[in-house]
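Structural characterization, general
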Amino acid sequence: MMNSLQSFSKLFGRSNGVILGMVHVQALPGTPRHCLSMPDIIKKACQEAAGYQSAGVDGIMLENMHDIPYLHSHAMGPEVTAAMTAIASQVRRICPTIPCGMQVLTAQKEALAVAMATGLDFIRAEGFVFSHIGDEGLINSCAGELLRYRRNISAKNIKIFTDIKKKHSSHAITADVSIEETAEAAEFFGSDGVIVTGTTTGQPAKVEDLQDVQGAVNIPVLIGSGVNTDNVDRYLGASALIVGSHFKHGGQWLNDVDFGKVDDFMTKVNTFRQSGNSVSR
């Protein structure tokens, strides 16, 4: 039986420096900023996914980032899950082989259900262990329910990568728990990989946090914010780099993807890979 690091490497074809491009799905029906028809939302998501694949990223992740303000899952309508399923299904159709993931803010079971129904490979989950205060209010740990749900729907093949000390959040209630201890708890509770971020979207994670977490756990450690062409070399030793804002026009997550920037980024990454400067754990 493969461990988490081996399973990660099998999925992505490399053990470190995996590049995941973000598809920030346009605002969905029922949300305050919704304005496009579902066919147009699907078309835009598919265009971005295909563009990322052509640029040579290692994986893609879909997220309902434009559904501001976000809701707890118990308050979220079924239309969001239905819409994300329709979008993911079409993205998977045009990108059948590249690893693809899902995040539904802040709905972990719903993300897992979408991934299971559409043949995706992983999800990003918030609040896996411990509690924190997010924009949406109190977010409690979900590991126990989420892993049981994954078992119940026979989705063990779908990896769950989990945020620790998540961005856009207050962690005062767990101030006595270090990021290393949080990572260790996530590993103990069955996370398939932990995600280290900066304080907000687009803000770089501390390299020291990455190193400390890598030293504390034996599962993949991903970087979840702030990676750009200028600093990417500092993070290539991480298992994966989730890149969203930097790939957009003006470096703003709400803008369209600038595939010239994606090409430049991947050129630099591939140069490091060919020179052997991508550090393995």
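Residues numbered from 1 in each chain as written. Predicted model: local features only at pLDDT ≥ 70, side-chain atom pairs only at ≥ 80, totals over all residues. Heavy atoms only, no water.

1. Some points on the overall build of the protein
As a reminder, the rule being used: Numbering of helices and strands runs from the N terminus; a helix is a DSSP stretch of H or I covering at least four residues, while a strand is a stretch of E covering at least two. For the radius of gyration, the atom set is restricted to C-alpha positions; the globular benchmark scales as 2.2 Å times the number of residues to the power 0.38. Burial classification: accessible surface area is computed with a 1.4 Å probe over protein chains only, and a residue below 20% of its type maximum counts as buried, one above 50% as exposed, and the rest as partly exposed. We call two residues in contact when some of their heavy atoms are within 4.5 Å.
From N to C terminus, the protein includes eight helices and 11 strands. Taking 281 residues into account, the globule formula puts the C-alpha radius of gyration at 19 Å, and the protein, at 17 Å, falls close to it. Every one of the 281 residues in the protein was classed for burial, and the buried ones make up 54%. Put simply, 70% of the contacts in the protein that link residues at least 6 apart link residues at least 24 apart.

2. Things to note about the pairing of strand S11 (residues 240–243)
Put simply, the test is: We treat two strands as partners when DSSP finds at least two bridges between them.
Alternating residues of S11 divide into Ala 240 and Ile 242 and Leu 241 and Val 243, and every residue in both groups is buried. Both strand S10 (residues 221–223) and S11 contribute to a ladder of two bridges, which runs parallel. Within S11, the position partnered with Leu 222 by the bridge is Ala 240.

3. Side note on the side chain of Thr 182
Inspection of the secondary structure assignment puts Thr 182 in helix H6 (residues 179–188). Thr 182 gets classed as buried once you look at its relative accessible area, which sits at 4%. Apart from the residues within four sequence positions on either side, Thr 182 is in contact with Val 129, Phe 130, Ile 164, Lys 165 and Val 177.

4. Notes on a nonpolar patch on the surface
Basically, it comes down to this: Grouping into patches uses exposed residues only, defined as over 30% relative accessible area, and leaves out salt-bridged ones; the cut-off is 9 Å for like charges and 5 Å for nonpolar side chains (Val, Leu, Ile, Met, Phe, Trp, Tyr). Method for areas: the Shrake-Rupley scheme with a 1.4 Å probe, in which residue coverage is limited to the protein chains shown. The rule for a salt bridge is simple: a side-chain nitrogen of Lys or Arg has to be within 4 Å of a carboxyl oxygen of Asp or Glu.
Taken together, the side chains of Ile 133, Leu 138 and Ile 173 make up a nonpolar region of the molecular surface, amounting to roughly 260 Å² of accessible area. Looking at the element boundaries, Leu 138 is found in strand S6 (residues 137–139). Residue classification places Leu 138 among the partly exposed positions, given a relative accessible area of 43%.

5. Looking at the packing of aromatic side chains
Two aromatic rings are characterised by how far apart their centres lie and by the angle between their planes. Applicable threshold: A pair of aromatic rings is counted whenever rings of Phe, Tyr or Trp (Trp by its six-membered ring) have centres within 6.5 Å, and the orientation is called stacked for planes under 30 degrees apart, edge-to-face for over 60 and tilted otherwise.
Scanning the entire structure with this criterion turns up eight aromatic pairs. Ring geometry for Tyr 52 and Phe 247: centres 5.8 Å apart, planes at 50 degrees, overall tilted. Here Phe 247 lies in the loop between S11 and helix H8 (259–275) and Tyr 52 lies in helix H2 (residues 38–55), a separation of 195 residues in the sequence. Note on Tyr 52: relative accessible area 0%, which makes it buried. Looking at Phe 247, the relative accessible area reads 0%, which means it is buried.

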